[in-house]
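If you want the building blocks of each chain, they are given just below.
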Amino acid sequence: ALQYGTGPRTVTAWVYPTSTSGWKQVIGWGSGTDTASGLAIDPSGRWATFRHNIAGYYSNTNAAVNTWSHVTITHSSSGLEIYINGVLDYSNGQTINVTQSSAYIGASFDNREYWQGRIAQVLFYNKKLSADEIKQNYNATKRRYGM
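Residues numbered from 1 in each chain as written. Predicted model: local features only at pLDDT ≥ 70, side-chain atom pairs only at ≥ 80, totals over all residues. Heavy atoms only, no water.

**Concerning the pattern of salt bridges**
Next up, step 1: The full count for this structure, using the stated rule, is 3 salt bridges.
Next up, step 2: Among the ionic pairs, Arg46 bridges to Asp42, the shortest N-O distance being 3.5 Å.
Next up, step 3: Judged by its relative accessible area of 27%, Arg46 falls in the partly exposed class.
Next up, step 4: What makes Asp42 buried here is its relative accessible area of 4%.
Next up, step 5: The salt bridge involving Lys127 is made with Glu133; its shortest N-O contact spans 3.4 Å.
Next up, step 6: On the basis of relative accessible area, Lys127 is assigned to the partly exposed category, the value being 39%. (Salt bridge = Lys/Arg side-chain N within 4 Å of Asp/Glu carboxyl O. Buried < 20%, exposed > 50% of the residue type's maximum accessible area, 1.4 Å probe, protein only.)

What follows is the structure, encoded as structure tokens:
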């Protein structure tokens, strides 16, 4: 039940999915159908961020089963970005605003879409990290995960 603000944010984590079927949430935040978001694998196996039940924004990269990946999303007034292993994979100018509520690791706000696998080093920032900062985070920890 991590509390967070309603402004810009960055969420980053090392993840090791053992399944990519159905929605698999790494972390979710917000408290309602149109006011919740998160970082997940979508039903087609791609990394995604979304506005719950309304719009999804999908990376160009499929999640690899039984492999560690460093995944980062940013949300701000300038739009959203998805980084995979320290490299920008997707961006657009859509903003995702969510209500302040609790954040959940390994499931959605409504206690569904359970993660299958491992999640390590979840970092939640109340600002949008730069591409250089995201790359630095990845490079500083990648050896721990065999990268």
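**Observations concerning the nonpolar core**
Next up, step 1: Within the largest apolar cluster, 16 residues are counted, with the highest numbers of intra-cluster contacts made by Val15, Val26 and Trp47.
Next up, step 2: For this core, the elements supplying multiple residues, two or more each, are β2 (9-17), β3 (24-30), β4 (36-41), β7 (69-76) and β8 (79-84). (Core = buried A, V, L, I, M, F, W, Y, C linked by side-chain atoms within 4.5 Å. Helix = DSSP H or I, 4+ residues; strand = E, 2+ residues; numbered from the N terminus.)

**Things to note about the packing of aromatic side chains**
Next up, step 1: Per the stated rule, a full pass over the model turns up 5 aromatic pairs.
Next up, step 2: Measuring from centroid to centroid gives 5.8 Å for Trp14 and Tyr138, while their planes differ by 25°, and the two rings are stacked. One end of the pair, Trp14, is in strand β2; the other, Tyr138, is in helix α1 (residues 131-141), with 124 residues separating them in the sequence. You'll find Trp14 and Tyr138 in the same group, each marked buried.
Next up, step 3: Counting every residue linked through ring pairs, the aromatic cluster contains Trp14, Tyr16, Trp68, Tyr138 and Tyr145. (Phe/Tyr/Trp six-rings, centres within 6.5 Å; stacked < 30°, edge-to-face > 60°.)

**With respect to the pairing of strand β9 (residues 87-92)**
Next up, step 1: Here 5 bridges tie β8 to β9, and the two strands are oriented antiparallel to one another. Across the sheet, Glu81 pairs through a bridge with Ser91, a residue of β9.
Next up, step 2: Between β8 and β9, which pair antiparallel one after the other, the connecting turn spans 2 residues, and Asn85 there sits at a positive phi close to 50°. (Pairing = 2+ DSSP bridges.)

**Examining unusual backbone geometry**
Next up, step 1: At Asn66, a residue that is not glycine, the phi angle is positive and equals roughly 60°.
Next up, step 2: Tracing the backbone shows Asn66 in the loop between β6 (55-62) and β7.
Next up, step 3: Exposure remark for Asn66: the relative accessible area of 44% places this residue in the partly exposed category.

**A word on the confidence of the model for the chain**
Next up, step 1: In this model, the chain carries an average pLDDT of 85, and 86% of its residues clear a pLDDT of 70 or more.
Next up, step 2: Across the chain, α1 holds the top mean pLDDT of 97, while strand β1 (residues 2-3) sits lowest at 51. (pLDDT = per-residue confidence, 0-100.)

**So, the sheet that holds β9**
Next up, step 1: Read across the sheet, 5 strands follow the order β9-β8-β7-β2-β11 without closing on themselves; strand pairing throughout is antiparallel. For this open sheet the edge positions go to β9 and β11 (117-125), each flanked by a neighbour on one side alone. Neighbouring strand axes in the sheet, compared pairwise and without regard to direction, differ in orientation by 15° on average.
Next up, step 2: Here α1 sits on the sheet and contacts β2, β7, β8, β9 and β11; the angle it forms with β7, its principal contact strand, is near 160°. (Axes fitted to C-alpha atoms, helices over the stretch in contact; angles between N-to-C directions. Contact = heavy atoms within 4.5 Å.)

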